Amino acid sequence: MTPAVTTDVPRLLPRDGERIQNWRAHSAKFGRIPYRNAAGSLINDIEASGLTGRGGAAFPTYRKLAAVLEASVRKRVRPTVIANGAESEPASEKDATLLWLAPHLVLDGLQLAAEAVGAESAVLYTHAHRAGDVGARLREAIADRFDDHVAVRLAIAPPRFLAGQETALISHLDGGPAIPRFPFPRVTEQGLDGDPTLVQNAETLAHLALIARFGPGWFREIGTRREPGSFLATVRRADGRPRIMELPLGTPVPEVIGGLGQVTALLIGGYHGTWVPVARAAKLRLDNESLSSVGASVGAGILAALPGDRCGLVESARILRYLALESAGQCGPCLNGLPRMSAALTALARGRAPRGTRADLERWAGLVTGRGACHHPDGTARFVASALRTFAAELDRHGRGQCGATNAAPFLPVPQSAARTEEDWL
Amino acid sequence: MKQRLLVNPIDCDGHGACAELLPEMIALDEWGYPLIDGRPVPPALIKDARAAVSACPKLALRLLEVTD
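These numbers were taken from a predicted model, which means no experiment stands behind them.

1. A word on the overall build of chain A
And step 1. Each helix and strand in chain A was counted, giving 16 helices and twelve strands.
And step 2. For chain A, the spread of C-alpha atoms along the principal axes amounts to about 70 × 45 × 40 Å.
And step 3. When each of the 426 residues of chain A is scored for burial, the buried share is 53%.
And step 4. Within chain A, residue pairs in contact and separated by at least 24 positions form 72% of the contacts whose partners lie at least 6 positions apart.

Below, the structure is given as structure tokens:
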């Protein structure tokens, strides 16, 4: 793995040429793990820092920590902490890159989070297609550490879009398929083995490890007042190559995506995210306050530019087909709605859609929203609705049997394999 | 204490009994799955809501107490 990495904010990612992936180099740079010798003491600092989850939902990190601590004290059981590095968005590579370049920062965060909630076991969960390179490095990293209070087990997620979803992850670690369950009771209350469980994105834990060392004031030195700190982004410019960038929240979009002249639209937030026309996107900043004005969010930090020679409708139809195939098929609206939505968008993209197809698609997008056990239908509907808005002119062109694209090669990455049997979810 | 209806969409198989018993708050979508009014159940409908909950063959529908 040789990721293209850019950082003007060297917090999580090493500077050019710096290597901190081994324990000795990591310890030399960051010092010992700053244990507090008391469960819960770190939680106040995390609250003051304003750190939010970097896996997509941007939930305040201290609230999850506090909920798990409270539930485990009340139930008199020791919780488990899980570092979620199974980024399942095909367009995202930031967690794999972080685990590759700075594994000990994530593992420090895992130890500190375990101490904060009084956990006695920890799991690092990574994606199957990274099992070879990242998995091997993590195995080595775990074996090299000597100041860990809690043993860390490495677990491999199946290569499914939903495998990183919090309840799917619990189901998988409990020995079942990696498919979501009903979100109540919460995982913080009843997670792994039915006990309170803390699931944090790998990047979130790396930030936590730095806040434990340098304090909440340091964390807030960059970012915005409401959304402090930095985040890792996977950025695809018109050349299609993914770059991993560490950016302060609030960074203006044009500073991140150069060459907007050759671009027609940006996809913000990945395949559960939002297409935004380039003129509008150029005025946005990468924080949720700014992005919410176009119905988008920072999510897991995915930003992709659609080059002017590609067709956004064709790209969206290809991605929607993938999303429909990745439905776990458990909830009626998702099971029925997503394949119909996919067929409709494919027909529209091919210019062979019967009258009323677009209205059907818009209705189905509304109908599936909020009606699944997980957010897969919601995210998929948001993606589709934004495609219909952003590529409205292209939609009309396709209705007349034309297409604005001069390059038919697929642009955004979509895995080829679809789940055929229940084994594929294990 | 107010009560709201909540369906577990994984358990729900779209039998539709709930919508028959409580049409004031539950409609069916074009595939037969319930569209539930998430507002608090008015006192006059609580009895019908309980009947709808009991009638679900998958025990997918619940009445939840909410504090607000």
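Still more to cover.
2. What about the overall build of chain B?
And step 1. Within chain B one finds two helices and four strands.
And step 2. The C-alpha radius of gyration of chain B comes to 11 Å, within 12% of the 11 Å expected for a compact globule of 68 residues.
And step 3. For the C-alpha atoms alone, the extent of chain B along its principal axes is close to 30 × 20 × 20 Å.
And step 4. Counting across all 68 residues of chain B, residues that qualify as buried make up 26%.
And step 5. Residue pairs in contact within chain B that sit at least 24 positions apart in sequence constitute 61% of those at least 6 positions apart.

3. Observations regarding the interface of chain B and chain A
And step 1. At the junction of the two partners, chain B supplies eight residues and chain A supplies eleven residues.
And step 2. For the side of chain B that touches chain A, a count of residues per class yields five nonpolar, two polar and one charged.

4. Side note on the domain arrangement of chain A
Residue and element names in this part refer to chain A.
And step 1. Along its sequence, chain A is carved into domain 1 (4–219), domain 2 (230–307) and domain 3 (312–410).
And step 2. Taken over C-alpha atoms, the centre of domain 2 sits 21 Å from the centre of domain 3.
And step 3. With eleven residues of domain 2 at the contact, the number on the domain 3 side is eleven residues.
And step 4. Contributing elements (two or more residues each) for the side of domain 2 that touches domain 3: strand 9 (263–268) and strand 10 (274–277).
And step 5. Residue contributions to the side of domain 2 that touches domain 3 peak at four residues, all from strand 10.
And step 6. Within the side of domain 2 that touches domain 3, the residues separate by chemical class into six nonpolar, five polar and no charged.

5. Notes on the sheet that holds strand 3 (residues 121–127) of chain A
Residue and element names in this part refer to chain A.
And step 1. Sheet architecture is open: four strands sit in the order 4-3-2-5, paired in parallel fashion. Since the sheet does not close on itself, it has two edges, and those belong to strand 4 (152–157) and strand 5 (197–201), each with one partner. Going from strand to strand, the sheet's axes swing by 20° on average, the running direction of each strand aside.
And step 2. In terms of strand pairing, strand 3 meets strand 4 through six bridges, oriented parallel. If you follow Val123 over to strand 4, its bridge partner there is Arg153.
And step 3. Taken strand by strand, helix 7 (residues 166–173) contacts strand 2 (80–85), strand 3, strand 4 and strand 5, and its axis lies near 120° from that of strand 5.
And step 4. Docked against the sheet, helix 8 (residues 202–219) engages strand 2 and strand 5, running at close to 90° with respect to strand 5.

6. Overview of the packing of helix 2 (residues 41–49) of chain A against helix 3 (residues 61–75) of chain A
For any two helices packed against each other, one specifies the inter-axial angle together with the distance between the axes.
Residue and element names in this part refer to chain A.
And step 1. Their axes nearest at 8 Å, the elements helix 2 and helix 3 cross at an angle of 155°. Taken together, the axes of helix 2 and helix 3 are roughly antiparallel relative to one another. Both helix 2 and helix 3 take part in a crossing whose hand is left-handed. Across from Ile43, Ile46 and Glu47 in helix 2, the residues of helix 3 making contact are Thr61, Tyr62, Leu65, Ala66 and Leu69.

7. A look at the environment of B:Tyr33
And step 1. Along the chain, the position of B:Tyr33 falls in the loop between strand 2 (26–28) and strand 3 (34–36).
And step 2. Placed 20 residues apart in sequence, B:Tyr33 and B:Asp13 show a C-alpha to C-alpha distance of 7.4 Å.
And step 3. If we skip the residues at most four places from it in the chain, B:Tyr33 touches A:Gly332, A:Pro333, B:Cys12, B:Gly14 and B:Leu28.

8. Observations concerning the packing of helix 12 (residues 312–325) of chain A against helix 13 (residues 332–350) of chain A
Residue and element names in this part refer to chain A.
And step 1. Running from amino to carboxyl end, helix 12 crosses helix 13 at an angle of 160°, the nearest separation of the two axes being 9 Å. Taken together, helix 12 and helix 13 sit at an angle that is classed as roughly antiparallel. Note on packing geometry: the crossing formed by helix 12 with helix 13 is left-handed. Listed contacts from helix 13 to Leu313, Val314, Ser316, Ala317, Leu320, Arg321, Leu323 and Ala324 of helix 12 are Leu338, Pro339, Met341, Ser342, Leu345, Thr346, Leu348 and Ala349.
And step 2. Its residues assigned to classes, the contact of helix 12 with helix 13 shows twelve nonpolar, three polar and one charged.

Conventions used here
- Every chain begins its residue count from 1, and numbering advances along the sequence as written.
- A letter from A marks each chain and a number from 1 marks each ligand, given out in the order of writing.
- The model is predicted, so local features are restricted to residues of pLDDT at least 70 and side-chain atom pairs to those at 80 or more, both for listing and for counting; the totals for chains, interfaces and linings are taken over all residues.
- Counting from the N terminus, the helices are the DSSP runs of H or I reaching at least four residues and the strands are the DSSP runs of E reaching at least two.
- Partly exposed residues are those whose C-beta has more than 12 but fewer than 20 other C-beta atoms within 10 Å; with 20 or more the residue is buried, with 12 or fewer it is exposed, and the C-beta atoms are placed from the backbone.
- By definition, residue pairs are in contact when their C-beta atoms, positioned from the backbone, come within 7 Å.
- The globule rule used here is 2.2 Å times the number of residues to the 0.38 power, and the radius of gyration it is set against is calculated over C-alpha atoms.
- Polar here means any residue outside two lists: the nonpolar Ala, Val, Leu, Ile, Met, Phe, Trp, Tyr, Cys and Pro, and the charged Asp, Glu, Lys and Arg; Gly therefore counts as polar.
- Segmentation of the chain into domains, including their bounds, is taken from an automatic or database domain assignment.
- For two strands to pair, DSSP has to find at least two bridges joining them.
- Convention adopted: a line fitted to C-alpha atoms gives each axis, helices being fitted over their contacting stretch, and angles between N-to-C directions are expressed from 0 to 180 degrees.
- Our angle categories are set so that under 35 degrees counts as roughly parallel, over 145 as roughly antiparallel, 65 to 115 as roughly perpendicular, and the remainder as oblique.
- Here is the rule for handedness: rotate from the far helix to the near one, and if that takes an anticlockwise turn smaller than a right angle the crossing is left-handed, while a clockwise turn gives right-handed.

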